[in-house]
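Structural overview for review
The residues making up each chain are set out below.
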Amino acid sequence: MVNFKIKLVRYVFEINAFNMTTKRYCKDYLVDDDVKADYLITLTEDDLKAETTYQSDGKVYVNEEISALYRKIADILVDHNIVVFHSSSFMVNGYAFLLAARSGTGKTTHARLLSELLGDKFIYINDDKPLLEVGDDIVIYSSPWNGKERRGNNISAPLSTVIFLNRGIENSYKKINNKDNIYTNLLSQIYLPTGKDKREKALKIIDIILEEINFYNINVNMDIDAAKMTYERIIRYETEQ
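Residues numbered from 1 in each chain as written. Predicted model: local features only at pLDDT ≥ 70, side-chain atom pairs only at ≥ 80, totals over all residues. Heavy atoms only, no water.

Mapped onto the fold, Thr22 is located in helix α1 (residues 20–25). Here Thr22 falls in the buried class, since its relative accessible area comes to 1%. For Thr22 and Thr42, which are 20 residues apart along the polypeptide, the C-alpha to C-alpha distance reads 13 Å. If sequence neighbours within four positions are ignored, Thr22 has contacts with Phe4, Ala17, Glu65, Ile66 and Leu69. A polar contact is formed between the side chain of Thr22 and the side chain of Glu65, at a distance of 2.4 Å. (Helix = DSSP H or I, 4+ residues; strand = E, 2+ residues; numbered from the N terminus. Buried < 20%, exposed > 50% of the residue type's maximum accessible area, 1.4 Å probe, protein only. Contact = heavy atoms within 4.5 Å. Polar contact = N/O pair within 3.5 Å; in protein donor to acceptor, adjacent residues only side chain to side chain.)

Right, dumping it as structure tokens:
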């Protein structure tokens, strides 16, 4: 077994894994061995075998062990009002934005275009599975699970806005005023534990996010003009209020 400790948000997890690859995957979140752990996670063969049963498409996240670790940690964090939000998250002028879409729609490409447009103003938090903590403020934290390109930094920032992306021919945007219409979209982006009590906690967190955060829909093609629209009409507007 491979033993190591990582810190996510304010919580330290001691991990007993099978492969050194898993430790290397979490390298940006490692803490010293003498740091006191809040939780112990020991991965088992049954955990690895179970992973494909959780995925509707039969695919796991990177590999079975990294996927199982993600799921176990997500189940624990929901007890601390923290959920995993499937999105590309980034920071501009100290404010965090979530760019959410169905897999394959183009959120990673759009985030990359924003990065190219904004240069040093744009900082990745996490390009796939950031952590969203709901408390006095709503804050985005990064996690090791940051996508195929591994775009992310071990940082946090207050959440400003959630942007739902759709592929389109013409670039357009619209602020969402009737938030009842996006509940299903939001639900599909957040990891929901299988246990009843934990699932109910996650659903309550979704309700708070709907109350507190601004939402937009964008239809974009995959060129730099789409990124310019998102910046001018949403990001700059929301950060200058």
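Moving on from the coordinates now.
On to the nonpolar core, then. Grouped together as the largest cluster of nonpolar side chains are 31 residues, with contacts concentrated most on Phe13, Ile73 and Trp145. Elements represented by at least two residues in this core include exactly β1 (2–8), β2 (11–17), α3 (64–77), β5 (82–84) and β10 (138–141). In terms of residue count, α3 provides more of this core than any other element does, eight residues in total. Of all hydrophobic cores here, the second largest spans 28 residues; its members include Ala96, Leu98, Ala100 and Ile138. (Core = buried A, V, L, I, M, F, W, Y, C linked by side-chain atoms within 4.5 Å.)

Further remarks concern the pairing of strand β7 (residues 95–100). In terms of burial, β7 is a largely internal element, five of the six residues being buried. Pairing analysis gives five bridges linking strand β6 (residues 88–92) to β7, with the strands arranged antiparallel. Bridged to Val92 within β7 is Tyr95. Taken together, the five bridges between β7 and strand β11 (residues 156–167) define a ladder with parallel strand orientation. Within β11, the residue paired with Ala96 across the bridge is Leu159. (Pairing = 2+ DSSP bridges.)

This brings us to the sheet that holds β1. The mixed open sheet is built from four strands, whose spatial order is β3-β1-β2-β4. The sheet is open, and its two edges are formed by β3 (30–31) and β4 (39–42), each paired on a single side. In this sheet, β2 lies alongside β1 in antiparallel orientation, the contact comprising seven bridges. Bridge assignment links Lys5 to a residue of β2, and that residue is Glu14. Packing of α3 onto the sheet brings it into contact with β1, β2 and β4, and relative to β2 it is tilted by some 145°. (Axes fitted to C-alpha atoms, helices over the stretch in contact; angles between N-to-C directions.)

A few words on the side chain of His86. Within the secondary structure, His86 sits in the loop between β5 and β6. Here the side chain of His86 touches Lys107 through a polar contact of 3.4 Å, side chain to side chain.

Within the element layout of this structure, Asn221 appears in the loop between β13 (214–220) and α7 (224–239). Take Asn221: its relative accessible area is 18%, and that puts it in the buried class.

Okay, helix α4 (residues 107–118) next. When the terminal C-alpha atoms of α4 are compared, their 16 Å separation across twelve residues agrees well with the 16 Å that a helix rising 1.5 Å per residue should span. Along α4, the positions that sit buried rather than exposed are Lys107, His110, Ala111, Leu113, Leu114 and Leu118. For α4, the buried positions fall inside an angular range of 160° around the axis, keeping them on one side. Against the buried residues of α4 lie β6, β7, β8 (122–126), β11, β13 and α7. Positive phi appears at Gly119, one or two residues downstream of α4, with a value of about 60°. (Expected span 1.5 Å × (residues − 1). Arc of directions from axis to C-beta.)

Shape is all these values report; function is a separate question.
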